[in-house]
Amino acid sequence: MSAQAVTLEDGRQVQFSLDRIDDRMSGVGSVATLLTLRDMESVAQLGQELEVARRLGAIGRLTAGVGHEVKNPINAMVLHLELLRGKLAPGGAEAFGGAQRHVEILAGEMQRLDRVVQTLADFSRPMELHLREHDLRQVVAVVMDLTTAEMQENRVQVVVNAPKDPLMVRVDAQLMQQALLNLLLNGMQAMPEGGAMVVRMRRDHQFAVVEVIDEGVGIPPELLPRIFELYFTTKPKGSGIGLAMTYRILQLHGGAMEVRSNADPDSVERGTTFTFRLPAAAGVGGESRKAAGAVHKELGERV
């Protein structure tokens, strides 16, 4: 029979098909029936992740070439600007029709362009991972310490929901902290008037899962497929680098990230949820066991 799609009680779509298995050699006829189930949401999600990975790979190759070609002319222009600035007497700017001021503007713009090119180079440069087993709760605790003051200043209250048992992962702690920091700052910026944010950690079979949930302005559905693109941003002062870098870090660790968002101003569930999954480590080291209670207590005090 042809494949049929059904919707389960939890809302997931599953495609199923029934096929007869015939024993034509013995002439007995049908000896079994094969039932095939396909989780359509997983297929769609995997396809989306592959498409984002393909785009980031193409961007990386492009930026590597562009950054290399642009860097040399920038260095030459900066050098000649410095020579020109030295030839303009500080007290004789009026004689040059305010040329000194124009040189200063050009120098500032060249520095800004150089930072952009450096960002391109950093994004396209291969990352060296220093993998060790870490309690993911401890990684989150470090990021919370880094952001506490800024969150308070922007009237954002962060609640951490952490399991009592260690959530061990094999990661580069510094890169993972950067990925989490990007998500927290992104959520904070989505709530210009302040609000609540939840960081939830749990274990899901062989994965460690972290959810960052905000109640901000949300992301329109038509923009969701583009949010991980380098330099794409909807914020007036956004750089469009943070989410792309976070996605890349998750990929390097064999993880995955998804996003759900509601930008309807009349909805009570307005906001965005970023979810990322990391392969859970097999065991828990002795040091991690000793620190387990302290980490849970530390995170619990922030709730």
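Each remark here, short or long, concerns the structure printed above.
Residues numbered from 1 in each chain as written. Predicted model: local features only at pLDDT ≥ 70, side-chain atom pairs only at ≥ 80, totals over all residues. Heavy atoms only, no water.

This part is about the side chain of T273. Relative to the helices and strands, T273 is located in strand β10 (residues 271–279). For T273, a relative accessible area of 11% corresponds to the buried category. Contact partners of T273, with chain neighbours within four places excluded, come to E211, V212, I213, E258, V259 and R260. (Helix = DSSP H or I, 4+ residues; strand = E, 2+ residues; numbered from the N terminus. Buried < 20%, exposed > 50% of the residue type's maximum accessible area, 1.4 Å probe, protein only. Contact = heavy atoms within 4.5 Å.)

What follows deals with the packing of helix α4 (residues 173–189) against helix α5 (residues 242–252). Where α4 contacts α5, the axes come no closer than 9 Å and their chain directions differ by 145°. In terms of crossing hand, the pair formed by α4 and α5 is left-handed. Between α4, through L175, M176, Q178, A179, N182, L183 and N186, and α5, the contact on the second element is made entirely by G242, L243, M245, T246, I249 and L250. Residue composition of the contact of α4 with α5, by class: 8 nonpolar, 5 polar and no charged. (Axes fitted to C-alpha atoms, helices over the stretch in contact; angles between N-to-C directions. Left-handed = near helix turned anticlockwise from the far one by under 90°. Nonpolar A, V, L, I, M, F, W, Y, C, P; charged D, E, K, R; others polar.)

Residue position: T246 is located in helix α5. Note on T246: relative accessible area 0%, which makes it buried. In this structure T246 touches A179, N182, L183 and M257, once residues within four positions along its chain are discounted.

Moving on to helix α3 (residues 136–153). Spanning 18 residues, α3 covers 26 Å between terminal C-alpha atoms, matching the ideal 26 Å at 1.5 Å per step. Considering bend angle alone, the principal kink of α3 is centred on T147 and spans about 50°. Taken together, the buried positions of α3 are occupied by L136, R137, V139, V140, A141, V143, M144, T147 and M151. With its phi angle positive at about 60°, R155 sits one or two positions after the end of α3. (Expected span 1.5 Å × (residues − 1). Bend = angle between axes of the 7 residues up to and from the residue.)

On to the pairing of β10. Most of β10 is tucked away: 7 of the 9 residues are buried. One ladder, built from 7 bridges, connects strand β9 (residues 256–262) with β10; its direction is antiparallel. In the sheet register, E258 faces β10, and the bridge partner there is T275. (Pairing = 2+ DSSP bridges.)

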